[in-house]
Amino acid sequence: MKKCLIVVDYQKDFVSGSLGFPKAAELDSRIAAKIKDYHAHGDVVLFTIDTHDTEYLESREGRYLPITHCRKGTEGHSLFGQTGREKMDTDICFEKSAFGSDALYEYLKRTPFSHIELVGVVSNICVISNAILAKTAQPETDISVDAACIASNNSSLQEAAIDVMRSLQIDIMNSEAES
């Protein structure tokens, strides 16, 4: 059975754009190396793509986070850097307008894996949301998050997210890198 890597929202607006932050940029080469490794072993690589339209600021999320980002068709919507260059045409992208991807959840419900690993941004919002969906879709599958390949613009919230994921029996790898 194959393994699966889920790259969460590693898009230009979260790295160098309207919601970008320095720790996000530091992940690029590490995430790209993981993608390359999964491809080399014939495993599956999936991407979640935060996707908004011109009505974003009127949405519930937009009222709480009134910063336009990841608008479909803009440069900020595209994958960032080396990570984006490692994406293959055979990789599946799940556009999502909420923190967690319902389409990813449905895919995972019908596609069993021996292991699912998550990386990306933002750890305390979209990474944790999609990790919980993966755990819900495949409760008997080993689910892990590589702390060296996730980031938040708030280190306290990142630590809290890691603690919550750990309490949900999601394995945290490289936890010494979580600061």
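Structure's up top.
Numbering of residues starts from 1 in each chain and follows the order in which that chain's sequence is written. Given that the model is predicted, a residue must reach a pLDDT of at least 70 before its local features are reported, and side-chain atom pairs must reach 80 or more before they are shown or counted; all residues, however, enter totals for whole chains, interfaces and linings. Each side-chain value is worked out from all heavy atoms of the structure, with water and hydrogens disregarded.

Some words on the side chain of Asp13
Step number 1: Helical segments are the DSSP runs of H or I of at least four residues, strand segments are the runs of E of at least two, and each set is numbered from the N terminus. As for its position among the elements, Asp13 is in helix H1 (residues 12-15).
Step number 2: The charged side chain of Asp13 is buried without a salt bridge, its nearest counter-charge being Arg71 at 8.8 Å.
Step number 3: Only heavy atoms matter for contacts: two residues are in contact if any of them lie within 4.5 Å across the pair. Sequence-distant contacts of Asp13, that is, excluding residues within four places in its chain, are made with Ser18, Leu19, Gly20, His69, Cys70 and Gly76. Burial status follows relative accessibility: with a 1.4 Å probe on protein chains alone, a residue under 20% of its type maximum counts as buried, one over 50% as exposed, and anything between as partly exposed. Note that His is not counted, nor are the chain ends; the positive residues are Lys and Arg, and the negative ones are Asp and Glu. Any Lys or Arg side-chain nitrogen found within 4 Å of a carboxyl oxygen on Asp or Glu counts as a salt bridge.

Description of unusual backbone geometry
Step number 1: Put simply, Val121 and Val122 share a cis peptide bond, and its omega is -15°.
Step number 2: Structurally, Val122 can be placed in the loop between strand E4 (115-121) and helix H7 (123-137).
Step number 3: Positioned with a positive phi, Asp9 is a non-glycine residue whose angle comes to about 50°.
Step number 4: With respect to the helices and strands, Asp9 occurs in the loop between strand E1 (3-8) and H1.
Step number 5: Residue Asp9 is classed as buried on the basis of its relative accessible area, which comes to 0%.

Topic: the packing of H7 against helix H8 (residues 155-167)
Step number 1: Packing of H7 against H8 leaves a shortest axis separation of 9 Å and a crossing angle of 15°. In terms of orientation, H7 lies roughly parallel with respect to H8. As for the relative orientation of H7 and H8, their crossing is right-handed in sense. In this structure, H7 uses Ser123, Asn124, Ile128 and Ala131 to contact H8, whose residues at the interface are Leu157, Gln158, Ala161, Val164 and Met165.
Step number 2: Residue polarity follows a fixed list, in which Ala, Val, Leu, Ile, Met, Phe, Trp, Tyr, Cys and Pro are nonpolar, Asp, Glu, Lys and Arg are charged, and the others, Gly among them, are polar. Each residue belonging to the contact of H7 with H8 can be placed in one class, and the counts come to six nonpolar, three polar and no charged. Every axis corresponds to a line fitted to the C-alpha atoms, with the helix fit spanning only the stretch in contact, and the corresponding angles, defined between N-to-C directions, vary from 0 to 180 degrees. Roughly parallel refers to an angle under 35 degrees, roughly antiparallel to one over 145, roughly perpendicular to one between 65 and 115, and oblique to any angle outside these ranges. By the definition used in this description, the sense in which the near helix is turned from the far one sets the handedness, with an anticlockwise turn below a right angle giving left-handed and a clockwise turn giving right-handed.

Considerations on the packing of aromatic side chains
Step number 1: Pairs were defined over the aromatic rings of Phe, Tyr and Trp, the Trp ring being its six-membered one, requiring ring centres within 6.5 Å. Orientation was assigned from the angle between planes: stacked under 30 degrees, edge-to-face over 60, tilted for the rest. By the definition in use, this model includes three aromatic pairs.
Step number 2: Ring geometry for Phe94 against Tyr107: centres 5.6 Å apart, planes inclined by 55°, an arrangement best described as tilted. Of this pair, Phe94 sits in strand E3 (residues 92-96) while Tyr107 sits in helix H6 (residues 102-110); the two residues are 13 residues apart in sequence, bridging distant segments of the chain.
Step number 3: Overall, Phe94 belongs to the buried group, its relative accessible area being 8%.
Step number 4: Ring centres of Tyr107 and Phe113 lie 6.3 Å apart, and the angle between their planes is 35°; this geometry places the pair in the tilted category. Residue Tyr107 shares its accessibility class with Phe113, and that shared class is buried.
Step number 5: Among the aromatic side chains, those forming a connected cluster through ring pairs are Phe94, Tyr107 and Phe113.
Step number 6: In this scheme, Lys NZ or Arg CZ marks a charge over a ring once it lies within 6 Å of the ring centre and within 35 degrees of the ring normal. Residue placement shows Lys3 over the ring face of Tyr38; its charged tip is 5.1 Å from the ring centre.

Some thoughts on the nonpolar core
Generally speaking, soluble globular proteins have nonpolar side chains that are buried together.
Step number 1: With 28 residues, the main nonpolar core has Ile6, Leu46, Leu108, Ile116, Leu118, Val145 and Met165 as its most contacted residues.
Step number 2: Contributions of two or more residues to this core are made by E1, strand E2 (44-50), H6, E4, H7, strand E5 (142-151) and H8.
Step number 3: Ignoring anything within four residues of it in the chain, the contact list for Met165 reads Ile128, Ala131, Val145, Ile170 and Ile172.
Step number 4: Within the second largest apolar cluster, 23 residues are counted, among which are Phe21, Ala24, Tyr38 and Cys70. Grouping buried Ala, Val, Leu, Ile, Met, Phe, Trp, Tyr and Cys residues that are joined through side-chain atoms within 4.5 Å yields what is termed a nonpolar core.

Here's the deal with the pattern of salt bridges
Opposite charge on two side chains makes pairing possible when the charged atoms of those side chains draw close.
Step number 1: If you walk through the whole model with that rule in mind, you get seven salt bridges.
Step number 2: With a shortest N-O distance of 3.0 Å, Asp146 and Lys34 are connected by a salt bridge. Placement of Asp146 in strand E5 and of Lys34 in helix H3 (residues 28-40) is noted, with a sequence separation of 112 residues between them. There is no split in this pair, since Asp146 and Lys34 are both buried.
Step number 3: Salt bridges sharing partners connect three or more residues here, namely Asp9, Asp50 and Lys96.

Thoughts on the pairing of E4
Step number 1: Counting buried residues along E4, seven of its seven residues qualify, which places the element largely inside the surrounding structure.
Step number 2: Burial of the side chains of E4 extends over both faces: His115, Glu117, Val119 and Val121 are buried on one face and Ile116, Leu118 and Gly120 on the other.
Step number 3: Here E1 pairs with E4 via six bridges, running parallel. Across the sheet, Val7 pairs through a bridge with Val119, a residue of E4.
Step number 4: In this sheet, E5 lies alongside E4 in parallel orientation, the contact comprising six bridges. Its bridge partner being in E5, Val121 is matched across the sheet by Ala151.
Step number 5: We call a crossover right-handed when, viewed with the strands running away from us, the connection from the first strand over the helix to the second turns clockwise. Taken together, E4, H7 and E5 form a β-α-β motif whose crossover is right-handed. Being paired, for any two strands, means DSSP has found at least two bridges between them.

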